Amino acid sequence: MSISPINASTRYCGLFGCPVRHSASPAFQNAGIAAMGLNWRYLALEVLPENLPQAIEGAKAMGFVGLNLTVPHKEQAFRLANEVEDSARILGSVNTLKFEGLTPEGLWLPVRDWGRETPRQIRSIGYNTDAEAIIRALKEDLGFKPAGKRILILGTGGAGRVAALRLAAESAAELYLVNRTLSKAQSLSREIESHFPDVRVHIGYPPETQPVDLILNSTSLGLKESDPLPWDGQQFCLKRSALAFDMIYRPACTPFLQAAKDAGCRVANGLSMLLYQGVTSLKLWSGAEPPVETMRAALKGHIYSPSGPDSPHA
Ligand SMILES: NC(=O)c1ccc[n+]([C@@H]2O[C@H](COP(=O)([O-])OP(=O)(O)OC[C@H]3O[C@@H](n4cnc5c(N)ncnc54)[C@H](OP(=O)(O)O)[C@@H]3O)[C@@H](O)[C@H]2O)c1
């Protein structure tokens, strides 16, 4: 299905981030929007952190159906959201806002349902679709279900924290946290223990005799060719893990994933994770099931085609 031309009825959604110009979201979100026959467009807009409150208010005032937020806005968006749904509350991080308008009868209706009318009062509901996306990607790409499993997590930055908390919420048995900055791993460990006391959390690599079900790279090591490897081969042999997941999707196969493959692990990169966080956002805004495979094809085409974002011609 071809996308409808922009006209006076077109509604907008989009991504606020800083920087945002390498985002793949417009490519696959607009493909999904077109396939759903919506007269919408998804924009990527660079917003400085100090301008985020005004930018969100502006989007509300202009009748946007919703927004995605990326680095560095997710924590501020959590504080700015008028309401926060459970998926975001425990994480203190919002990557999706859905806008709703108040009817004269006192009902909050999603902006998508307002047709030509403009609501006078609009509120934002904050969600976090990243955590669910990690779980869905692990399940669909690797057949992995966290309950009762032992997992080694490399990197406890923003994405590693979200992954660890969600894996704990899904009843993982044991989590090993490895991070360059020890204090961050320690603070995450305390956070997990306070919310999920049944999960055993350790700082550092598992003992030599201990296999794990999954090793997950959530460091940014592997994005650049010159990066060192994200794990210490002296402390952990990849043969001790059945599965390996790298949140990085560009390049498609990082040195970590290649080494994991060579060690006999089943592997997956972060493409599905990126896809599913966007699919869930579009579902929240539209109230309908987005066309996952159309969106996946658009995402892959955008990222991996010779004229993709890394191309000098992009
Ligand atoms: N597939 C997806 O949809 C998706 C979504 C989100 C993120 N990601 C990817 O996940 C990765 C992490 O993103 P993030 O948002 O969590 O970033 P972040 O908050 O900046 O965290 C970066 C992580 O990498 C570690 N790190 C960075 N440079 C390092 C170095 N030289 N040596 C050792 N460790 C280093 C950091 O350790 P310190 O704490 O010591 O700094 C931290 O654990 C990125 O590659 C990002 O592209 C993918």
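A. Broad picture of the domain arrangement of the protein. Segmentation of the protein into domains returns domain 1 (11-128) and domain 2 (132-272). Centre-to-centre, using C-alpha coordinates, domain 1 lies 30 Å away from domain 2. At the interface, 4 residues of domain 1 touch 7 residues of domain 2. Around 510 Å² of area is buried between domain 1 and domain 2 when both sides are counted, 56% of it from carbon and sulfur atoms. Counting every contact that joins domain 1 to domain 2 gives 0 salt bridges. At the junction of domain 1 and domain 2, the tally comes to 1 residue pair in polar contact (both at pLDDT 80 or more). Residue classes in the side of domain 1 that touches domain 2 are distributed as 2 nonpolar, 2 polar and no charged.

B. Focus on the pattern of salt bridges. All chains considered together, the criterion is met by 15 salt bridges. The salt bridge involving R150 is made with E174; its shortest N-O contact spans 3.2 Å. Of this pair, R150 sits in strand β8 (residues 150-154) while E174 is found in strand β9 (residues 174-178), placing the two residues 24 residues apart along the sequence. A residue is classified by how much of its surface remains accessible, and R150, at 23% relative accessible area, is partly exposed. Note on E174: relative accessible area 6%, which makes it buried. Through salt bridges that share partners, E83, K98, E100 and R123 make up one connected network.

C. Highlighting the sheet that holds strand β11 (residues 212-217). A sheet is described by the order of its strands in space; here 6 strands give the open sequence β10-β9-β8-β11-β12-β13, paired in parallel fashion. Only two strands of the sheet have a single partner each, and these edge strands are β10 (200-203) and β13 (266-268). The average undirected angle you get between the axes of adjacent strands in this sheet is 15°. Both β8 and β9 contribute to a ladder of 5 bridges, which runs parallel.

D. Fine view of the site of the ligand. Near the ligand lie 20 residues; those nearest to it are A159, N179, R180, T181 and K184. The backbone of T156 places a nitrogen or oxygen atom 3.3 Å from an oxygen atom of the ligand. Between the ligand and the protein, one listed contact pairs an oxygen atom with a backbone N or O atom of G157 at 3.3 Å. Look at the ligand: alone it shows 920 Å² of surface, and the protein chains cover 72% of it.

E. Structural context of unusual backbone geometry. Here the bond from C18 into P19 is cis, since omega is 5°, no more than 30 degrees from zero. For P19, the location among the structural elements is in the loop between β1 (11-17) and α1 (25-35). Of note, the bond from V71 into P72 is cis; its omega dihedral lies within 30 degrees of zero at 10°. Secondary-structure assignment places P72 in the loop between β3 (66-69) and α3 (74-80). Positive phi, close to 70°, is recorded for S171, a residue that is not glycine. Within the fold, S171 resides in the loop between α6 (158-169) and β9.

F. The arrangement of α1 in detail. Buried residues dominate α1, accounting for 9 of its 11 residues. Along α1, the residues that are buried comprise S25, P26, F28, Q29, N30, A31, G32, I33 and A34. For α1, the secondary structure elements touched by its buried residues are β1, β2 (40-46), β3, α9 (271-286) and α10 (292-304). Phi turns positive one or two residues past the end of α1, at G37, with a value near 70°.

Calculation rules
Residues numbered from 1 in each chain as written. Predicted model: local features only at pLDDT ≥ 70, side-chain atom pairs only at ≥ 80, totals over all residues. Heavy atoms only, no water. Domains from an automatic or database assignment. Contact = heavy atoms within 4.5 Å. Buried area = accessible area lost by both parts, 1.4 Å probe. Salt bridge = Lys/Arg side-chain N within 4 Å of Asp/Glu carboxyl O. Polar contact = N/O pair within 3.5 Å; in protein donor to acceptor, adjacent residues only side chain to side chain. Nonpolar A, V, L, I, M, F, W, Y, C, P; charged D, E, K, R; others polar. Helix = DSSP H or I, 4+ residues; strand = E, 2+ residues; numbered from the N terminus. Buried < 20%, exposed > 50% of the residue type's maximum accessible area, 1.4 Å probe, protein only. Pairing = 2+ DSSP bridges. Axes fitted to C-alpha atoms, helices over the stretch in contact; angles between N-to-C directions. Near = heavy atom within 4 Å. Areas by Shrake-Rupley, 256 points an atom, 1.4 Å probe, with all protein chains shown as cover.

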